Amino acid sequence: MTGIVVLVSGSGTNLQALIDATADPAYGVRILGVGADRAGITGLHRAGAAGIPTFVCRVEDYPTRAQWDAALAERIGDHDPAFVVSAGFMKLLGPEVLGRYTVLNTHPALLPAFPGAHAVRDALAAGAEVTGCTVHVVDAGVDTGPVLAQVSVPILPGDTEDTLHERIKAVEHPLLVQVVGRAAREGITVIDGKASIP
């Protein structure tokens, strides 16, 4: 059984998909802890309801971003995960975390298109006909890390940010569950900026 830590910032729907998947022992993943950058969010309540230990590490509690990053790395390390999943975690991770752990992230666009915090809105504003979701390995940039898997989602006439995001989530959740499970069972390889699961 491979242990992971999941980082969240909001409602935790991707986290819930992972929690549901771990109910099957054959999935091979155990969520050792869930961390957040703010208290009182639904994602933490989801973890608590599943009996998963939680922690909060807020940027504003540290004098510098580097000190926050070091503290976050320590809090993750308390659980000794094989790797970390950023599931709607809305903070950039720094060298302390990324130097110690492989971090997978899910993003609601077909990277490298529409990186950043407003990917769904940006796709609509650009008049794109197709968007989707990406699971990638996090690096020091903003959604620039090596891609592991993608699924496309058509943008329909009349789509709003909310309707499009809900359709993306419908494919994002199973994609994240699939990739995390495979990574846990088979490992992740990153060579020359390219990521793969053997």
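Nothing here was measured: the structure is a model prediction, and the numbers come from that model. Counting of residues starts from 1 at the beginning of each chain's written sequence and follows it residue by residue. This being a predicted model, a pLDDT of at least 70 is required before a residue's local features are given, and a value of 80 or more before pairs of side-chain atoms are given or counted; all residues contribute to the totals for chains, interfaces and linings. Heavy atoms from the whole structure form the basis of all side-chain values; hydrogens and water molecules are not counted.

(A) Just the sheet that holds strand β1 (residues 2–8), in detail. Two strands pair under a simple rule: DSSP has to find at least two bridges between them. Working definition: helices are DSSP H or I runs of at least four residues, strands are E runs of at least two. Numbering for both runs from the N terminus. Ordered in space as β3-β2-β1-β4-β5-β6-β7, the 7 strands form an open sheet in which the pairing is mixed. Both edges of this open sheet fall to β3 (54–56) and β7 (147–154), since each of them pairs with a single strand only. On average, each strand axis in the sheet is tilted by 20 degrees relative to the strand beside it, whichever way the strands run. Note that β1 and strand β2 (residues 29–36) share 7 bridges and pair parallel. Note that in β2 the partner of V5 across the bridge is G33. It only takes one pair of heavy atoms within 4.5 Å for two residues to be counted as in contact. Here, axes are lines fitted to C-alpha atoms. For helices the fit covers the stretch in contact, and angles between N-to-C directions go from 0 to 180 degrees. Sheet strands in contact with helix α3 (residues 65–77) are β1, β3 and β4 (83–86), and its direction is about 170 degrees off that of β3. Across the sheet, helix α6 (residues 161–186) is in contact with β1, β2, β4, β5 (103–107), β6 (130–137) and β7; its angle to β7 comes to roughly 155 degrees.

(B) Looking closely at the pattern of salt bridges. Salt bridges are counted wherever a side-chain nitrogen of Lys or Arg sits within 4 Å of a carboxyl oxygen of Asp or Glu. The final tally for this structure, using the stated rule, is 9 salt bridges. Residues D37 and K91 are paired through a salt bridge, measuring 2.8 Å at the closest nitrogen-oxygen approach. Residue D37 is located in the loop between β2 and α2 (42–49), and its partner K91 is located in the loop between β4 and α4 (95–100); the two are separated by 54 residues in the primary sequence. Overall, the relative accessible area of 4% leaves D37 in the buried class. Judged by relative accessible area, K91 falls into the partly exposed class, the value being 29%. One salt bridge connects K169 with E166, and the closest N-O pair in it is separated by 3.4 Å. Any residue under 20% of the maximum accessible area for its type is buried, any over 50% is exposed, and the rest in between are partly exposed; the area is computed with a 1.4 Å probe on protein chains only.

(C) Representation of the packing of aromatic side chains in the model. Stacked, tilted and edge-to-face are the three classes applied to pairs of Phe, Tyr and Trp rings, where Trp contributes its six-membered ring and a pair requires centres within 6.5 Å; stacked means planes under 30 degrees apart, edge-to-face means over 60, and tilted covers the rest. Using the criterion set out here, one finds 1 aromatic pair in the structure. Measuring from ring centre to ring centre gives 6.4 Å for W68 and F89, while their planes differ by 10 degrees; the resulting arrangement is stacked. Note that W68 is positioned in helix α3 and F89 in the loop between β4 and α4, a separation of 21 residues in sequence. Given a relative accessible area of 0%, W68 falls into the buried group.

(D) Just the nonpolar core, in detail. One finds V6, L18, I31, V34, V85 and V180 to be the most contacted residues of the largest nonpolar core, which totals 41 residues. Sorting elements by how many residues they give to this core places α6 first, with 9 residues. What V180 contacts, discounting residues up to four positions off in sequence, is I4, L18, Y27, V29, F83, V85 and L104. We call a set of buried Ala, Val, Leu, Ile, Met, Phe, Trp, Tyr and Cys residues a nonpolar core when their side-chain atoms join them within 4.5 Å. Counting residues in hydrophobic clusters, the runner-up holds 17 residues, among them L93, V97, Y101 and V103.

(E) Inspection of the layout of surface pockets at higher detail. In this structure, the largest pocket occupies an estimated 810 Å³ of space. Only protein atoms enter the 1 Å grid used here, on which a cavity is any set of points holding a 1.4 Å probe that cannot leave and a pocket is any open set flanked by protein within 12 Å on both sides along at least five of seven lines; residues with an atom within 4 Å of a point are listed as lining. What lines the largest pocket is a set of 38 residues, among which G88, F89, M90, T106 and P108 lie closest to the centre. No other element matches the 4 residues that α6 contributes to the lining of the largest pocket. Residue classes follow a fixed rule: Ala, Val, Leu, Ile, Met, Phe, Trp, Tyr, Cys and Pro count as nonpolar, while Asp, Glu, Lys and Arg count as charged, and any other residue, Gly among them, counts as polar. A breakdown of the residues in the lining of the largest pocket according to their chemical character gives 13 nonpolar, 18 polar and 7 charged. Grid points are joined across faces, edges and corners, and a volume is the space filled by probe spheres set on the points. Estimated volume of the second largest pocket: approximately 160 Å³. What lines the second largest pocket is a set of 15 residues, among which F83, Y101, T102, V103 and I188 lie closest to the centre. Elements represented by at least two residues in the lining of the second largest pocket include exactly α6 and β8 (189–191). When grouped by side-chain class, the residues that make up the lining of the second largest pocket number 11 nonpolar, 4 polar and no charged.

(F) Representation of the packing of helix α1 (residues 13–22) against α6 within the structure. Close contact between α1 and α6 brings their axes to 9 Å; oriented N to C, the two are set at 50 degrees. It follows from the interaxial angle that α1 and α6 lie oblique. Once α1 is placed against α6, the crossing between them reads as right-handed. Contact residues: α1 offers T13, N14, A17, L18 and A21, while α6 offers K169, E172, H173, L176, V177 and V180. Of the residues in the contact of α1 with α6, the class split is 6 nonpolar, 3 polar and 2 charged. When an angle is under 35 degrees it counts as roughly parallel; over 145 it counts as roughly antiparallel; between 65 and 115 it counts as roughly perpendicular; any other value is oblique. Helix crossings fall into two classes, left-handed where the near helix is turned counterclockwise from the far one by less than a right angle and right-handed where it is turned clockwise.

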